[in-house]
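Structural overview for review
Below are the chains, spelled out letter by letter.
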Amino acid sequence: MTTYLEAGRRAVIEEMQRDASVWALGEDLGRGGVFGQYKGLQEMFGADRIADTPISEACIMGAAVGAAMTGTRPIVEMRFSDFALCAVDELVNQAAKARFMFGGQMRVPLVVREPVGMWRSSAAQHSQSLESWYTHIPGLVVVAPATPADNLGLLKAAIRSDDPVVYLEHKNLWPLEGEVPEQEHLVPLGKADVAHEGDELTIVTWSGMRQGCLRVAEQMVASGIGVEVIDLRTLWPWDRDTVFASVEKTGRLLVVHEAVAVSGFGAEIAASVAEALHHRLKAPVRRLGAPRIPIAYAPPMEDQARVSDDSIAAAVRGMMEPVAVA
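So, here is what we can say about the structure in this document. This one's a predicted model, so the numbers in the text were calculated from it and none came from an experiment.

Reading the values: rules and limits
- Residues numbered from 1 in each chain as written.
- Predicted model: local features only at pLDDT ≥ 70, side-chain atom pairs only at ≥ 80, totals over all residues.
- Heavy atoms only, no water.
- Helix = DSSP H or I, 4+ residues; strand = E, 2+ residues; numbered from the N terminus.
- Rg over C-alpha atoms; globule rule 2.2 N^0.38 Å.
- Buried < 20%, exposed > 50% of the residue type's maximum accessible area, 1.4 Å probe, protein only.
- Contact = heavy atoms within 4.5 Å.
- Areas by Shrake-Rupley, 256 points an atom, 1.4 Å probe, with all protein chains shown as cover.
- Lys, Arg positive; Asp, Glu negative; His and termini not counted.
- Charge placed at Lys NZ, Arg CZ, Asp CG, Glu CD.
- Core = buried A, V, L, I, M, F, W, Y, C linked by side-chain atoms within 4.5 Å.
- Salt bridge = Lys/Arg side-chain N within 4 Å of Asp/Glu carboxyl O.
- Pairing = 2+ DSSP bridges.
- Patch = residues over 30% accessible without salt bridge, like charges linked within 9 Å, V, L, I, M, F, W, Y side chains within 5 Å.
- Phe/Tyr/Trp six-rings, centres within 6.5 Å; stacked < 30°, edge-to-face > 60°.

1. Some points on the overall build of the protein chain
- Counting its secondary structure elements, the protein chain contains 12 helices and 14 strands.
- Computed over C-alpha atoms, the radius of gyration of the protein chain comes to 20 Å, within 12% of the 20 Å expected from 2.2 N^0.38 for 326 residues, which places it in the range of a compact globule.
- Expressed along its principal axes, the backbone C-alpha trace of the protein chain runs to roughly 65 × 45 × 40 Å.
- Taken across its 326 residues, the protein chain has 56% of its residues classed as buried.
- The contacts of the protein chain with a sequence gap of at least 6 include a subset with a gap of at least 24, amounting to 83%.
- Here the protein chain has roughly 13800 Å² of accessible surface; of this, 54% comes from carbon and sulfur atoms.
- Averaging the coordinates of the 30 positive side-chain charges in the protein chain and doing the same for the 42 negative ones gives two points 2 Å apart.

Next up, the structure:
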């Protein structure tokens, strides 16, 4: 068994051993990173390839974009996704657009690791899930692994990508243990995982919500409700074929994410399915996300912003009720 954190660390080690152009930069990497995800790597690869930087996200990102343009493959550590907003100009206005603006002559092969999500009592400035900010930007690939095996395989695939990848790792998943292949393991970008099969309702989710959705799907088996859980894994490009095939089978779609529901990426999935499959739907598409409030420090208030197993189960049961016809 390997933890989610160790799987990501292994991905970095394997890719740095495989390709001398891969290197990492960020704050506190020499001491292992704020969560320990780079522990021992500076001793292994040296300070030139595991590089400590000043406390300036704009500086870190700007240096990485330039380095990627000139032939290396930087792994950019942002510590928290909240802090990455200080570097959004370099990522959104430079990295995401360079390939287009140079007519395909320039690539920016960098990976931006951004720990996301609620972590007990981290409060409003350290707890956000901002994936929809990046899925909105043409030129960015957006990845959100939910298991140790996927954190290994997707991070390796992201490092090998010739386009800039925003790589979102949920902080609550660092200790999660799971089976991870011992051999070379790559997970293709843009391919979802059907994590639980069912034929009556489809749940589409990603990142930290995968585990709760799976628990609810198992609970529903006892009630005779077959719930199919799809973990997108990659948010852009997202696997429309797998999602559409599932909804064609079940006729019902519930999208579940930890991020604020308003303008969340779940709206894109819901609208796409409603537009393409409205004639196959047995119930209106539903979204389940956080309320549009800052995340509090106090645990009881923080819990008000969480999407709980109970709220997922209630949404599933509600969607299985007959739709009233006027």
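Having seen the structure, we can now continue with the description.
2. Here's the deal with the nonpolar core
- Counting 46 residues, the largest nonpolar core has Leu-232, Val-243 and Ile-269 as the members making the most contacts within it.
- Mapped by element, the contributors of at least two residues to this core are β2 (22-26), α3 (57-69), α4 (88-95), β5 (111-116), β7 (165-170), α9 (240-250), β13 (253-260) and α10 (265-277).
- Of all the elements, α3 adds the most residues to this core, at six residues.
- Excluding anything up to four places from it in sequence, Val-243 contacts Val-204, Ile-230, Leu-232, Trp-238, Ile-269 and Val-273.
- With 26 residues, the next largest nonpolar core counts Ala-7, Val-111, Val-143 and Val-187 among its residues.

3. Side note on the pattern of salt bridges
- One pass over the full model with this rule turns up 23 salt bridges.
- Three or more residues joined by partner-sharing salt bridges are found here, namely Arg-10, Glu-14, Glu-15, Arg-18, Lys-156, Arg-160 and Glu-184.

4. Notes on the pairing of β2
- Judged by how many residues are buried, β2 sits mostly within the fold: five of five residues are covered.
- Going residue by residue along β2, you find Val-22, Ala-24 and Gly-26 tucked away on one face and Trp-23 and Leu-25 tucked away on the opposite face as well.
- Examined bridge by bridge, β2 and strand β4 (residues 73-77) share five bridges and lie parallel to one another. By the bridge assignment for β4, Trp-23 is matched with Pro-74.
- When β2 meets strand β3 (residues 50-52), the two strands line up parallel, connected through three bridges. The residue of β3 that forms the bridge with Ala-24 is Ile-50.

5. Details of a nonpolar patch on the surface
- Together, Phe-100, Met-101 and Phe-102 make up an exposed nonpolar region whose accessible area comes to about 420 Å².
- Structurally, the position occupied by Phe-100 is in helix α5 (residues 98-101).

6. A few points about the side chain of Asp-82
- Inspection of the secondary structure assignment puts Asp-82 in the loop between β4 and α4.
- Here Asp-82 is buried and forms no salt bridge, its nearest opposite-charge partner Lys-171 lying at an N-O distance of 5.0 Å.

7. Observations concerning the packing of aromatic side chains
- Under the definition given, this model contains six aromatic pairs.
- Both rings, one in Tyr-4 and one in Trp-174, keep their centres 5.9 Å apart while their planes meet at 65°; by these two values the pair is edge-to-face. Of the two residues, Tyr-4 sits in helix α1 (residues 4-18) while Trp-174 sits in the loop between β7 and β8 (177-178), which places them 170 residues apart along the sequence.
- Assessed through its relative accessible area of 0%, Tyr-4 is described here as buried.

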